[in-house]
Amino acid sequence: MVGILAYVYRNQVEADLQHNLNDTFVQQYGFGIEETFAIDKMQQEYKCCGASGFENWENSRWKHEINTTNLVPDSCCKSMSEGCGKSQHPSNIPYTGCVHKFTFDLQDQLVIMCAVGLGFSVIEIFGMILSCCLYVKLKDDD
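Here's a quick rundown of the structure. Computed from a predicted structure; not experimentally measured. (Residues numbered from 1 in each chain as written. Predicted model: local features only at pLDDT ≥ 70, side-chain atom pairs only at ≥ 80, totals over all residues. Heavy atoms only, no water.)

1. Quick look at a nonpolar patch on the surface
Here is the rule: Each patch is built from residues lacking any salt bridge and having more than 30% relative accessible area; the joining distance is 9 Å for like charges and 5 Å for nonpolar side chains (Val, Leu, Ile, Met, Phe, Trp, Tyr). The protein chains shown are the only cover counted for residues, whose accessible areas, like all others here, come from Shrake-Rupley with a 1.4 Å probe. Any carboxyl oxygen of Asp or Glu that lies within 4 Å of a side-chain nitrogen of Lys or Arg is treated as forming a salt bridge with it. Numbering of helices and strands runs from the N terminus; a helix is a DSSP stretch of H or I covering at least four residues, while a strand is a stretch of E covering at least two. Buried means the residue's accessible area, taken with a 1.4 Å probe over protein chains only, is under 20% of the maximum for its type, while exposed means over 50%, and partly exposed covers the values in between.
Taken together, Met-1, Ile-4, Leu-5, Tyr-7, Val-8, Tyr-9 and Leu-118 make up a surface patch of nonpolar side chains, about 760 Å² in accessible area. Along the chain, the position of Met-1 falls in the segment before α1 (2–9). Exposure remark for Met-1: the relative accessible area of 74% places this residue in the exposed category.

2. Some details on the packing of aromatic side chains
For clarity, the cut-off: Pairing of aromatic side chains requires ring centres within 6.5 Å, counting the rings of Phe and Tyr and the six-membered ring of Trp. Pairs whose planes differ by under 30 degrees are stacked, by over 60 edge-to-face, and all others tilted. Geometrically, a lysine NZ or arginine CZ counts as sitting over a ring once it is within 6 Å of the ring centre and also within 35 degrees of the ring normal.
If you walk through the whole model with that rule in mind, you get six aromatic pairs. Arranged with centres 5.7 Å apart and planes meeting at 80 degrees, the rings of Tyr-29 and Trp-62 form a pair that is edge-to-face. Separated by 33 residues along the polypeptide, Tyr-29 in the loop between α2 (13–28) and α3 (33–46) and Trp-62 in helix α4 (residues 61–65) bring together distant segments of the chain. Given a relative accessible area of 6%, Tyr-29 falls into the buried group. Plain terms: the ring middles of Trp-57 and Trp-62 are 5.5 Å apart, the flat faces sit at 75 degrees to each other, and that makes the pair edge-to-face. A relative accessible area of 0% means that Trp-57 is categorised as buried. A relative accessible area of 7% means that Trp-62 is categorised as buried. What links up through ring pairs into an aromatic cluster is the set Phe-25, Tyr-29, Trp-57 and Trp-62. For the cation-ring pair, Arg-61 lies above Phe-31, with the distance from its terminal atom to the ring centre recorded as 3.6 Å.

3. With respect to α3
Stated formally: Expected span, for any helix, means 1.5 Å times one less than how many residues it has. The arc in question is traced by the directions running from the helix axis to the C-beta atoms.
The end-to-end C-alpha distance of α3 is 20 Å, a good match for the 20 Å that 14 residues give at a rise of 1.5 Å each. Within α3, burial applies to Thr-36, Ile-39, Asp-40, Met-42, Gln-43 and Tyr-46. Take α3 and look down its axis: the buried residues cluster within an arc of 160 degrees, on one side only. Across from the buried face of α3, at angles greater than 90 degrees, the exposed residues are Ile-33, Glu-34, Phe-37 and Glu-45. Lys-47, located one to two residues past α3, shows a positive phi value of around 50 degrees.

4. Some remarks on the packing of α2 against α3
Rule in force here: Geometry is summarised by axes, namely lines fitted to C-alpha atoms with helices restricted to the contacting stretch, and by angles between N-to-C directions that run from 0 to 180 degrees. Should an angle fall under 35 degrees it is taken as roughly parallel, and over 145 as roughly antiparallel, whereas 65 to 115 is taken as roughly perpendicular and any remaining angle as oblique. By the definition used in this description, the sense in which the near helix is turned from the far one sets the handedness, with an anticlockwise turn below a right angle giving left-handed and a clockwise turn giving right-handed. Only heavy atoms matter for contacts: two residues are in contact if any of them lie within 4.5 Å across the pair. Three residue categories are used. Nonpolar comprises Ala, Val, Leu, Ile, Met, Phe, Trp, Tyr, Cys and Pro, charged comprises Asp, Glu, Lys and Arg, and polar comprises the others, including Gly.
Packing of α2 against α3 leaves a shortest axis separation of 10 Å and a crossing angle of 120 degrees. As judged from the angle between their axes, α2 and α3 are oblique. Crossing of α2 over α3 shows left-handed handedness. Two secondary-structure elements touch here, α2 through Leu-21, Thr-24, Phe-25 and Gln-28 and α3 through Glu-35, Thr-36, Ile-39, Met-42 and Gln-43. Of the residues in the contact of α2 with α3, the class split is four nonpolar, four polar and one charged.

5. Concerning the environment of Gly-97
Among the secondary structure elements, Gly-97 is positioned in the loop between α4 and α5 (98–141). Gly-97 gets classed as buried once you look at its relative accessible area, which sits at 1%. With 52 residues separating them along the chain, Gly-97 and Glu-45 place their C-alpha atoms 12 Å apart.

Spelled out as structure tokens, the structure:
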């Protein structure tokens, strides 16, 4: 069942991530320690900026309530340093959002879950067939 569900919902992942990540980036960054750390880590690891793009930071709560000089968080920068987020130039920050890269990784994981789930079901079906054959064989011997 897990394998089938993973396969069916793998195409819906990007839309759900787009909505949830965008909300988290725009509303929670800078206000929740865990969320801020996770977003910084994601931006550095995937070399991305913002949920769908660097433009997400323009309307963020972080930009309007906390930060007055940076256009994007320093974790967006290609080579991170203090205050590097003051420029939005392509040589400084990636223009791609994290949703796309994260979606690809998540879809890869769902394919693996699908394969493992289907593998277990094949083993169980094979076991049921063998047990039925054994039952028939033992019943014929009586």
